[in-house]
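Given next are the chains, with one letter for each unit.
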Amino acid sequence: ESVKNLPEKITALTFAAPVVGNADYNKEYQVLEKEGVLRHIRVANKGDVVPTNNIIFPASLALKGDTTKYIQNGVSLFLLPEEELEQEYGGTKSCASQFTTKALTNHLVPEYATRVTLP
């Protein structure tokens, strides 16, 4: 009922998008996918802390709620530096697992452009 005013079909291709929604949100999302209403492909770089959950301090101070409960949805394409991408459904990564000294650089458009064009 809550989606009756949405277009018949929605397709989204997102880059570096933050994780949104908990398990209940994800269940409803998957229903819409199975019904063919939604299709979402997420692209994220290895080492980009933005599209993660379990946000670490001090960034966690800017957020409300328990970010460990956030779950990725849709098909995730995880771009690795100089390697083939990893593909999986969901693919939630923790902030700590992606944190490197290049964390901010890994979130910027030039790094995404470089990795997208790798063979």
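Predicted model only: the values in this text are computed from it and were never measured.

What counts and what doesn't
- Residues numbered from 1 in each chain as written.
- Predicted model: local features only at pLDDT ≥ 70, side-chain atom pairs only at ≥ 80, totals over all residues.
- Heavy atoms only, no water.
- Buried < 20%, exposed > 50% of the residue type's maximum accessible area, 1.4 Å probe, protein only.
- Helix = DSSP H or I, 4+ residues; strand = E, 2+ residues; numbered from the N terminus.
- Arc of directions from axis to C-beta.
- Contact = heavy atoms within 4.5 Å.
- Pairing = 2+ DSSP bridges.

(A) Highlighting helix H3 (residues 109–116). Taken residue by residue, H3 has Glu111, Tyr112 and Arg115 as its buried positions. Projected down its long axis, H3 carries its buried residues within an arc of 100°, all on one side. Exposed residues lying more than 90 degrees from the buried face of H3 are Val109 and Pro110. Each element contacted by the buried residues of H3 is listed here: strand E1 (10–15), strand E2 (38–45) and strand E3 (75–79).

(B) Representation of the environment of Pro110 within the structure. Residue position: Pro110 is located in helix H3. Overall, Pro110 belongs to the exposed group, its relative accessible area being 59%. On a C-alpha basis, the gap between Pro110 and Ala17 in space is 16 Å, while along the polypeptide they are 93 residues apart.

(C) The arrangement of the pairing of E3 in detail. In terms of strand pairing, E2 meets E3 through 5 bridges, oriented parallel. In the strand pairing of E3, Val43 is matched with Leu77. By the bridge criterion, 4 bridges tie E3 to strand E4 (residues 86–89) in an arrangement that is antiparallel. Bridge pairing in E4 links Val75 to Tyr89.

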